[in-house]
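Report on the structure
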Protein chains: 2
Amino acid sequence: MLINKLCIIGVGLIGGSLARALKAAGECAHVVGCGRNIEHLKTAQKLGVIDSYHTDMSCAAKDADVIVLATPLGVMADAFQRIYPVLIENTLITDVGSTKASVAAQARAHLGEHLPRFVPGHPIAGSEQNGVTASFAELFQNRRVILTPLPETDDQAHQLIQKMWNITGAEVVEMEVMHHDEVLAATSHLPHVLAYTLVDTLAQMEDRREIFRFAAGGFRDFTRIASSHPRMWHDICLANQDALVQVLDIFARDLQQVSDMIRHADSQSLEDLFTRAKQKRDEFSG
Amino acid sequence: MLINKLCIIGVGLIGGSLARALKAAGECAHVVGCGRNIEHLKTAQKLGVIDSYHTDMSCAAKDADVIVLATPLGVMADAFQRIYPVLIENTLITDVGSTKASVAAQARAHLGEHLPRFVPGHPIAGSEQNGVTASFAELFQNRRVILTPLPETDDQAHQLIQKMWNITGAEVVEMEVMHHDEVLAATSHLPHVLAYTLVDTLAQMEDRREIFRFAAGGFRDFTRIASSHPRMWHDICLANQDALVQVLDIFARDLQQVSDMIRHADSQSLEDLFTRAKQKRDEFSG
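Residues numbered from 1 in each chain as written. Chains lettered and ligands numbered in written order. Predicted model: local features only at pLDDT ≥ 70, side-chain atom pairs only at ≥ 80, totals over all residues. Heavy atoms only, no water.

1. Digging into the domain arrangement of chain A
Residue and element names in this part refer to chain A. The line we're drawing: Throughout, the edges of the domains are those of an automatic or database domain assignment. Here, residues are in contact when the closest pair of their heavy atoms is within 4.5 Å. Simply put, the buried area is the total loss of 1.4 Å probe accessible area from both parts when two parts are fitted together.
Structurally, chain A comprises domain 1 (3–175) and domain 2 (179–285). The distance between the C-alpha centroids of domain 1 and domain 2 comes to 31 Å. Taken residue by residue, the interface counts 15 residues in domain 1 and 13 residues in domain 2. For the pairing of domain 1 and domain 2, the buried interface totals around 1,200 Å² over both sides, and the portion due to carbon and sulfur atoms is 68%.

2. A closer look at the pattern of salt bridges
Definition in use: Note on definitions: salt bridges are taken to be side-chain nitrogens of Lys or Arg within 4 Å of carboxyl oxygens of Asp or Glu. Numbering of helices and strands starts at the N terminus; helices are DSSP runs of H or I of at least 4 residues and strands are runs of E of at least 2. Between buried and exposed lies partly exposed: a residue is buried under 20% and exposed over 50% of the maximum accessible area for its type, with that area taken using a 1.4 Å probe on protein chains only.
Scanning the entire structure with this criterion turns up 32 salt bridges over all chains. Here Glu271 of chain B makes a salt bridge to Arg231 of chain A, at a shortest N to O gap of 2.5 Å. Separated into two different chains, Glu271 of chain B in helix α11 (residues 267–285) and Arg231 of chain A in helix α9 (residues 230–239) make up a pair that spans both. Arg263 of chain B serves as the salt-bridge partner of Asp249 of chain A, at 3.0 Å between the closest nitrogen and oxygen. Of this pair, Asp249 of chain A sits in helix α10 (residues 241–263) while Arg263 of chain B sits in helix α10 (residues 241–263), placing the two residues on different chains. The exposure class assigned to Arg263 of chain B is partly exposed, which follows from its relative accessible area of 33%. Here the salt bridges do not stand alone but share partners, grouping Asp221 and Arg224 of chain A together with Asp221 and Arg224 of chain B into one network.

3. Section: the sheet that holds strand β2 (residues 28–34) of chain A
Residues and elements named next belong to chain A. The following threshold applies: Pairing between strands is defined by DSSP: at least two bridges between them are needed. To get an axis, a line is fitted to the C-alpha atoms, and for a helix only the part in contact is used. The angle between two axes follows their N-to-C directions and goes from 0 to 180 degrees.
In spatial order, the strands read β3-β2-β1-β4-β5-β6; together these six strands make up an open sheet with parallel pairing. Among the strands making up the open sheet, the edge pair consists of β3 (52–54) and β6 (118–119). Of the strand pairs in this sheet, β2 and β3 are connected by three bridges, and their pairing is parallel. Opposite Gly33, over in β3, you have Tyr53 as the bridge partner. The sheet contacts of helix α1 (residues 13–24) involve β1 (3–9), β2 and β4 (66–69), and relative to β1 the element is tilted by about 165°.

4. Some thoughts on the pairing of strand β2 (residues 28–34) of chain B
Residues and elements named next belong to chain B. Going by this rule: Looking down the strands as they point away from the viewer, one classifies a crossover as right-handed if the path from the first strand across the helix to the second runs clockwise.
The buried fraction of β2 amounts to five of the seven residues, a majority that puts the element mostly inside the structure. By the bridge criterion, six bridges tie strand β1 (residues 3–9) to β2 in an arrangement that is parallel. By the bridge assignment, Cys7 is partnered in β2 with Val32. With helix α1 (residues 13–24) bridging β1 and its parallel neighbour β2, the resulting β-α-β unit is right-handed. Note that the unit made of β2, helix α2 (residues 38–46) and strand β3 (residues 52–54) has a crossover that is right-handed.

5. Concerning the confidence of the model for chain A
Low-pLDDT stretches of the model should not have their predicted coordinates read in fine detail. What counts is decided by this rule: As a per-residue measure, pLDDT reflects the predictor's confidence and takes values from 0 up to 100.
Looking at chain A as a whole, the pLDDT averages 94, with 98% of positions reaching at least 70. Here the complex is predicted with pTM 0.90, and the ipTM for its interfaces comes to 0.89.

6. Examining the sheet that holds strand β9 (residues 171–174) of chain B
Residues and elements named next belong to chain B. Taken in spatial order, the three strands line up as β7-β8-β9 in an open sheet, and their pairing is mixed. Because the sheet does not close on itself, it has two edges, and the strands there are β7 (121–123) and β9. This sheet shows a mean twist of 20° between the axes of neighbouring strands, independent of strand direction. When β7 meets strand β8 (residues 144–147), the two strands line up antiparallel, connected through three bridges.

7. Remarks on the interface of chain A and chain B
Selection criterion: Distance and chemistry together define a polar contact, namely a pair of N or O atoms within 3.5 Å, with one atom able to donate a hydrogen and the other to accept it when in protein, and with adjacent residues in sequence counting only for side-chain atoms on both sides.
Taken together, the contact between chain A and chain B spans 82 residues of the former and 82 residues of the latter. Of the roughly 8,000 Å² buried between chain A and chain B on both sides combined, carbon and sulfur atoms contribute 68%. In terms of surface lost to chain B, no three residues of chain A exceed Phe214, Arg281 and Phe284 of chain A, which account for 10% of the buried area on that side. At the boundary of chain A with chain B, the tally comes to 28 residue pairs in polar contact (both at pLDDT 80 or more). Sorting elements by how many residues they give to the side of chain A that touches chain B places helix α7 (residues 177–209) of chain A first, with 22 residues.

See the structure below:
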């Protein structure tokens, strides 16, 4: 058995699915859950996702072999501070935060001598669904989990967290912290910002023009991610401020160029761009 | 039976599905298809979507009771000119183009005394799929079809085209030409431009950063429409230039505001916007 006592701080879609996967594989003896909402914790226990729970992070983290921080990014600094006093030498810590530079900085600020046993991670398996009721053991199968070990990270710690994710069926890849944040800003954070902004732009046009009544399937797919958790995405955008602002600037510049192509009826450039993009997108699906 | 001889110019997803729906309902005796590609027309005939075909528009349109122009917008002006010589007094003409001001202007320029029997239309039932092999009789069920009759449009012509679409299971609504183009620019044309642009922006970043490898489900949904037909969307963007440029400007301004919120860590405004947008999007799904 890989883990005797696993502590999941934040028992939602990701934390809950991880607990389920490890239990299903028989690789975890006891899961203690932690969260602010006791009703959610009771639900998680009833569903068999966790075996026990605490609303206090330091109580939950005590004697754990592995602590998984699956809290919103805005709570991460506080979480490091709260678990720090109860950490013992062999406790491993990992997280599932969508940005890594901010989390690494907070770990560095608050984990002291335990920093080498912190392995920053990010499973690429979000959804506009959330909460423990949406969790399932197979969520990570054939998904990628990115680990961004720090220069200080202990090899054994790194290997155990890698094993943990392999057990869930995920493909584990390693990446530099900054590289991770740039890539995710482009493929995940930027699309979310665009979807939220589009829906809000249209909502403001709507009063006089019944905009949404005539929206079709393309719009539905395009804006699905605007149903994601607002607070969580607020946290992500601010935690990944630099990389996100950079890619937003690039996108805004490119969009201005496309806008100019349309404005000036630059037929060839417009068709070339759409053709290139379609080709690229078709490769991605395949 | 509503239509004796139906002529479909452009036997693709939309034209093919319309023919299938009318035949399935027993409301159409004979469908003649027209297109440039004789292999596609043969396939359409084998599939039972059309009964006969011509590659020449005026041959296909001859003696038709209803002519449906389901060609790309870039071919519409040419189509009006080619069918004009064979129009007889009772022939009705409609189209399925995604923009209406451009089509109305072309009809006005080329249909002469037949203009009152042209009923501009737009079924909101696209897909990133296309071609007659993707067509099916139920495509329009519970979808909206927008008709934008001109001041000159004959009442009887309008009513018959309305009936035709009702038979397919669509809800037919009426709209002013300009209103249609504004609404569709916002809910359909703008999202397509954003999706194409995003994929192209990311493709240009990709060489050094393996961007797409780490894209997840949100990205997949968001960019699905970037797999749409490039030439068709090129035509739409240029045909709806004015309304699209206008909404692109509004979106670019709003995106700059969101970008500034992130840059300046304006936490409250950002969370408010995401919360508003999520609420609006959830209403739309429900």
